[in-house]
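The primary structure of each chain is shown beneath.
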Amino acid sequence: MFRETYRNVERVLRACTGEEDVGLAGGGDHADLASTVAFKLAKKRRLAPRQIAAELAERLRARPELGDIVVEAKGPYVNFHFGETYLREGVRRALSPGYGDLPPRSERVVLEHTSANPNGPLHVGHIRNTVIGDSLARAFRKAGYPLEVQYYLNDMGRQIAIVSWGFDHLGIGRHTGEKEDHYVARVYVAANRAIEENPEITEQIDRLMQRVERGDRETVQRFRTAVAMCTEGIKKTLAALNAHHDRFVWESDFIRIGDVDRVLDRVRRLPQAHEDDTLWVDLSEFGFEKKKYILRRSDGTSVYSTRDLAYHTWKARNCDWMIDVLGADHKLIGAQLIATLQLLGERPPEIVYFEFVSLPEGSMSTRAGKFVSADELIGEVTAKAFDEVTARRPELPEAERAAIARSVAIAAIRYDIVKISPEKSTVFDWREALDFERQSGPYIQYAHARACSILEKAGAFQETFEYRTEHEVALAKHLARFPAVIEQVVQELRPHLLAAYARELADLFNTFYHYDPVLQSAGVTRTSRLTLVRAVQNTLKEALETLGIDALRSM
RNA sequence: GGGUCUGUGGCUUAGCCAGGAUAGAGCGCCGGGCUUCUAACCCGGAUGUCGGGGGUUCGAAUCCCUCCAGGCCCGCCA
């Protein structure tokens, strides 16, 4: 409802002023929408802004398209106050199943996220990628796009060679019950330590990488076994986080099917390409300081960038819009990738960067074994959530409390991550991770559960739409914005906007809940409030699910 | 050194790209509210040179320049 109303007001303002940019924005406390176009017109017409605003308001009031929207000139501002039609229609729409879904689109989107190297478990830095990526994926589906989510599996990097070497030479056994990815990390850390003590091992690692590049069956098989094992563990963590990938793309496949050779042939023909013992591209015309962007080593093997180039040309063939979610450490190589794709005449991806998550003692390192794993985080938060549920709902059977605790824990973790703007670097903090109070996922889940509880107690009722109190009105107006938020998240690739929206909706509902009794009221007030509660419940459910959080009916 | 992101009350943070009306929250602190629809809640209070300085503008947290501080990057690693 907000989107349509905004466009309507904008259209009428343009018609009345002849200006393309009518300075229309949210009016804060003053209005539902406000225009600052009078400032711009003041200059052109050499009149006082307040006089122009007053005249413009007068003309706007004569326009039938605005219906019951009240126009008011307040100083230089032209304010718009939405009427009853907006409230009724806004709430009515918010009742429909799948509220917030936008009309189907035809552009196929491929979104890549997480793609952590399979040399250990996901840690609290990786899952910032997961949570941003999976929330975006859900928003894209809600916005009507056909979408495939991919995990690019690095199965032939140096790290994997190190893991494979470790398995073959260190004889490290798997502890009983040890998760696959944690086991692989233990081998990886030990192998790195061995290399530090005996640098000659590096030559063996190099040989392994050359064999894999040549397609040596046995070495490839060993790499694959290690990667597959680690990936099993990673998939379990992703599943626990409610994050889903449609496809795992193996990096080495691009060597195997010849795409890497083909892309290297094309690179070689570029005027910016140079061949000595290596093959490199001169990207200085794009303003890169470092001249050589190497795509083939002197020993003839490809580098990560080469395979990434092949991966992206393959992706581009299968979709209309590519989105990669990457850590800020990839900014330079991401820009180099895009530049090279442009030289090749290929469509580049759009890249969503997020800044680093560090520990209070410094940055994380899988190699040094210095990280907080996502599994450990989930475990601790789930344990805390179980205690909380048990304290509040001792009467519930243990299995039910455990199920609620799992949902609450994932809500807390995902929300904590998604609510922060991606460009902000953060320091992982156990105290914050274990906080289920305001501005948290559980807080929003709780608002939803309360709404469910009211509706359950109410039984059947006739939907009516009479809204008078400030809390009813504020809530109804906020409900009407939801589809606009989904649209904005997809346009700007910023899922934290949805996190803020959901929290505000919960805030408004909690205040309403406190001041305006629902079940104890009577007549049309009661049914209208029940209708509002139903709309809030439905919208909270849609918003939570788009954030990958379970909309619990009881907690 | 170069590039890039960040700097908003004690702490965490929204707003910045598309400049507008008293900078919006949470935690913590102080004070209040559960025989009343689930208190994972609500209400009130104190707390801000929007990192510093310059500029553009009728108007700057928001745009430009500069300086300061911190993160990340600058491999024939991935």
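What comes next concerns the included structure. (Residues numbered from 1 in each chain as written. Chains lettered and ligands numbered in written order. Predicted model: local features only at pLDDT ≥ 70, side-chain atom pairs only at ≥ 80, totals over all residues. Heavy atoms only, no water.)

Details of the protein's contact with RNA strand B
Here comes step 1: Y77, N154, R392, Y446 and Y513 are the nearest of the 68 residues found near RNA strand B.
Here comes step 2: Here, RNA strand B places atoms within 4 Å of the protein, and 63% of those atoms are sugar or phosphate.
Here comes step 3: N117 is positioned such that a nitrogen or oxygen atom in its side chain is 2.7 Å from a sugar or linking oxygen of RNA strand B.
Here comes step 4: Q520 is positioned with one of its side-chain polar atoms (N or O) 3.0 Å from a sugar or linking oxygen of RNA strand B.
Here comes step 5: The greatest single-element share of the surface near RNA strand B, amounting to eight residues, is contributed by helix 17 (residues 441-458).
Here comes step 6: Tallied by class, the residues present in the surface near RNA strand B amount to 25 nonpolar, 19 polar and 24 charged. (Near = heavy atom within 4 Å. Polar contact = N/O pair within 3.5 Å; in protein donor to acceptor, adjacent residues only side chain to side chain. Helix = DSSP H or I, 4+ residues; strand = E, 2+ residues; numbered from the N terminus. Nonpolar A, V, L, I, M, F, W, Y, C, P; charged D, E, K, R; others polar.)

Structural notes on unusual backbone geometry
Here comes step 1: At R46, a residue that is not glycine, the phi angle is positive and equals roughly 55°.
Here comes step 2: Within the secondary structure, R46 sits in the loop between helix 2 (37-45) and helix 3 (49-61).
Here comes step 3: Even without glycine at this site, N242 takes up a positive phi of about 65°.
Here comes step 4: Relative to the helices and strands, N242 resides in the loop between helix 9 (217-240) and strand 7 (247-250).

Observations concerning the side chain of S164
Here comes step 1: Looking at the secondary structure, you find S164 in helix 6 (residues 158-170).
Here comes step 2: Every residue in contact with S164, bar those within four places of it in the chain, is listed here: R222 and F223. (Contact = heavy atoms within 4.5 Å.)

Some thoughts on the environment of W165
Here comes step 1: With respect to the secondary-structure elements, W165 resides in helix 6.
Here comes step 2: By relative accessible area, which is 5% here, W165 ends up buried.
Here comes step 3: Each C-alpha atom of the pair W165 and E200 lies 13 Å from the other, and the pair is 35 residues apart in sequence.
Here comes step 4: If near-sequence neighbours (up to four positions away) are discounted, W165 is found in contact with L170, A191, A194, I201, Q204, I205 and L208. (Buried < 20%, exposed > 50% of the residue type's maximum accessible area, 1.4 Å probe, protein only.)

Regarding the sheet that holds strand 11 (residues 321-327)
Here comes step 1: Pairing within the open sheet is parallel, and its five strands lie in the order 7-6-5-11-12. Each end of this open sheet is capped by a strand with a single partner; those strands are strand 7 and strand 12 (350-354). Going from strand to strand, the sheet's axes swing by 25° on average, the running direction of each strand aside.
Here comes step 2: One ladder, built from four bridges, connects strand 5 (residues 109-112) with strand 11; its direction is parallel. Following the sheet pairing, V109 is matched in strand 11 by W321.
Here comes step 3: Strand contacts of helix 13 (residues 331-343): strand 11 and strand 12, with the helix running at about 175° to strand 12, the strand carrying the most contacts. (Pairing = 2+ DSSP bridges. Axes fitted to C-alpha atoms, helices over the stretch in contact; angles between N-to-C directions.)

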